[in-house]
Amino acid sequence: MGRPREFSDRAVVDAAMEVFWEKGYEATSTQDLCERTGLGRGSLYNAFGSKHRLYEEAIRRYAETRAEAQLAMLAEQGSVRARLRDLMLGVIDADMADPGRRGCLALNAATESSGRTEAVAGLVRRQFTDLEQALQRLVEIGQSTGELSSDRPPRQVARAFQSAYYGLRVLAKVTDDRAALLDVVEGAVAAL
């Protein structure tokens, strides 16, 4: 009979998520993960099997925490335009306050080829699809109440807004020009 675990899987995944978010998959070493999680190499591999499996768990955890919080915010009551503006303003604030300018872990995982397997792509696609569907529901509400123009299909409007949102996340990683980021927000909201 093996020794009982003396650590929380959730705490380990949270710590690993932070490392992958800061450094990316390729630049994260097993030693980095051991140092941040407090686990030895053997315990880390016994619990998760591989660095890549832990990366997948970190992406899942990101979806459970960060992405779900954004979806919940979009589901609140209020003006559709205000909710969409608040989504974008919230990420500007978060991204600019982050000294490491990590951006969005899902977006980072989508663009870093070294860690992207079909499993990772599927996890990221799920997050992107969930956001697209939430945005489409909001657009449908806005169009049905007359708050938004109904001259374009809701899915098309949602996808265009989502593209602006992810572009904003990338831009916020490399600029200190808040006014430029706010222009993206206002342009995206005006296009609704």
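Note that this is a predicted model, so its numbers are computed, not measured.

Asker: Sorry if this is basic, but what is going on with helix 4 (residues 51–74) here?
Answerer: Helical periodicity: at 3.6 residues per turn, an α-helix aligns residues three or four positions apart in one direction. With 24 residues, helix 4 extends 33 Å between its outermost C-alpha atoms, agreeing within 8% with the 34 Å of an ideal straight helix rising 1.5 Å per residue. Along its length, helix 4 shows its largest kink, about 35°, at glutamate 68.

Asker: How should the confidence of the model for the protein chain be read in this particular structure?
Answerer: Low pLDDT marks regions whose predicted coordinates should not be analysed in detail. Per-residue confidence for the protein chain averages 92 on the pLDDT scale, and 96% of its residues sit at or above 70. Every residue in residues 1–5 is under pLDDT 50, and counting partners more than four places away or in other chains gives 1 contact.

Asker: Would you mind showing me how to read the side chain of lysine 51 here?
Answerer: In this structure, lysine 51 sits in helix 4. Within the structure, lysine 51 has its side chain in polar contact with the backbone oxygen of tyrosine 25 (distance 2.9 Å). The contacts of lysine 51, once residues within four sequence positions are left out, are Phe20, Tyr25, Glu26, Thr28, Leu33 and Tyr45.

Asker: Explain the layout of surface pockets here, please?
Answerer: Here the idea is plain: a probe the size of a water molecule rolls over the atoms and shows the empty space left. In this structure, the largest pocket spans a volume of roughly 250 Å³. Contributing to the lining of the largest pocket are 16 residues, with Arg66, Gln70, Val91, Ala94 and Arg169 lying nearest its centre. Examining the composition of the lining of the largest pocket, we find that 6 residues originate from one element, helix 5 (residues 80–97), more than from any other. By residue class, the composition of the lining of the largest pocket is 7 nonpolar, 3 polar and 6 charged.

Asker: Honestly, the packing of helix 5 against helix 9 (residues 178–190) in this entry has me stumped. Any pointers?
Answerer: Any two packed helices are characterised by how steeply their axes cross, that is the angle between the axes, and by the distance between the axes. At their nearest, the axes of helix 5 and helix 9 sit 10 Å apart, and the two run at 160° to each other. It follows from the interaxial angle that helix 5 and helix 9 lie roughly antiparallel. Like other packed secondary-structure pairs, helix 5 and helix 9 cross with a definite hand, here right-handed. Between helix 5 and helix 9, the residues in contact are Arg81, Arg85, Met88, Leu89, Ile92, Asp93 and Met96 and Arg178, Leu181, Leu182, Val184, Val185, Glu186, Ala188, Val189 and Ala190, respectively. The residue inventory of the contact of helix 5 with helix 9, partitioned by class, reads 11 nonpolar, no polar and 5 charged.

Asker: What am I meant to see in the packing of aromatic side chains here?
Answerer: Per the counting criterion, the structure on display carries 6 aromatic pairs. Measuring from ring centre to ring centre gives 5.2 Å for tryptophan 21 and tyrosine 62, while their planes differ by 80°; the resulting arrangement is edge-to-face. With a gap of 41 residues between them, tryptophan 21 in helix 1 (residues 9–23) and tyrosine 62 in helix 4 connect regions that are remote in the sequence. The pair formed by tryptophan 21 and tyrosine 62 is uniform in burial state, with each residue classed as buried. On the numbers, 4.6 Å between centres and 45° between planes, the contact of phenylalanine 128 with tyrosine 166 is tilted. In this pair, phenylalanine 128 is assigned in helix 7 (residues 118–145) and tyrosine 166 in helix 8 (residues 154–174), connecting sequence segments 38 residues apart. Judged by its relative accessible area of 13%, tyrosine 166 is buried. Linked through ring pairs, Phe20, Tyr25 and Tyr55 together constitute an aromatic cluster. Above the face of the tyrosine 25 ring, lysine 51 is positioned so that its terminal group lies 4.3 Å from the ring centre.

Each value, and the rule that gives it
Counting restarts for each chain, with residues numbered from 1 along the sequence as it is written. Whole-chain, interface and lining totals are the exception, using all residues; otherwise, since this is a predicted model, local features are given only for residues with pLDDT of at least 70 and side-chain atom pairs are given and counted only at 80 or more. The side-chain numbers reported here are obtained from all heavy atoms of the structure, hydrogens and water having been left aside. In this description a helix means any DSSP run of H or I spanning at least four residues, a strand means any run of E spanning at least two, and both kinds are numbered starting from the N terminus. Helices are assigned an expected span. That span is 1.5 Å times one less than the residue count. Bend angle per residue: angle between axes fitted to the 7 residues ending at that residue and the 7 residues starting there. pLDDT is a per-residue confidence score from the predictor, ranging from 0 to 100. Throughout, a contact is declared for two residues whenever any of their heavy atoms are within 4.5 Å. Distance and chemistry together define a polar contact, namely a pair of N or O atoms within 3.5 Å, with one atom able to donate a hydrogen and the other to accept it when in protein, and with adjacent residues in sequence counting only for side-chain atoms on both sides. The method works on a 1 Å grid over the protein atoms by themselves. A cavity is a set of points holding a 1.4 Å probe that cannot get out, a pocket is an open set with protein on both sides within 12 Å along at least five of seven lines, and residues with an atom within 4 Å of a point line them. Grid points are joined across faces, edges and corners, and a volume is the space filled by probe spheres set on the points. In the scheme used here, Gly and all other residues not listed as nonpolar or charged are polar, with Ala, Val, Leu, Ile, Met, Phe, Trp, Tyr, Cys and Pro taken as nonpolar and Asp, Glu, Lys and Arg as charged. Axes here refer to lines fitted to C-alpha atoms; in helices the fit is confined to the stretch in contact. Angles between the N-to-C directions go from 0 to 180 degrees. These descriptions rest on fixed angle ranges, namely under 35 degrees for roughly parallel, over 145 for roughly antiparallel, 65 to 115 for roughly perpendicular, and the rest for oblique. Left-handed is the label given to a crossing in which the near helix is rotated counterclockwise from the far helix by less than a right angle, and right-handed is the label when the rotation is clockwise. Any pair of Phe, Tyr and Trp rings, taking the six-membered ring for Trp, is counted once the centres come within 6.5 Å. Such a pair is stacked with planes under 30 degrees apart, edge-to-face with planes over 60 apart, and tilted for the rest. Note on classification: 1.4 Å probe, protein chains only; a residue is buried when its accessible area is under 20% of the maximum for its type, exposed when over 50%, partly exposed between these limits. In this analysis the charged atom, NZ for Lys or CZ for Arg, is taken to sit over a ring once it is within 6 Å of the ring centre and within 35 degrees of the ring normal.

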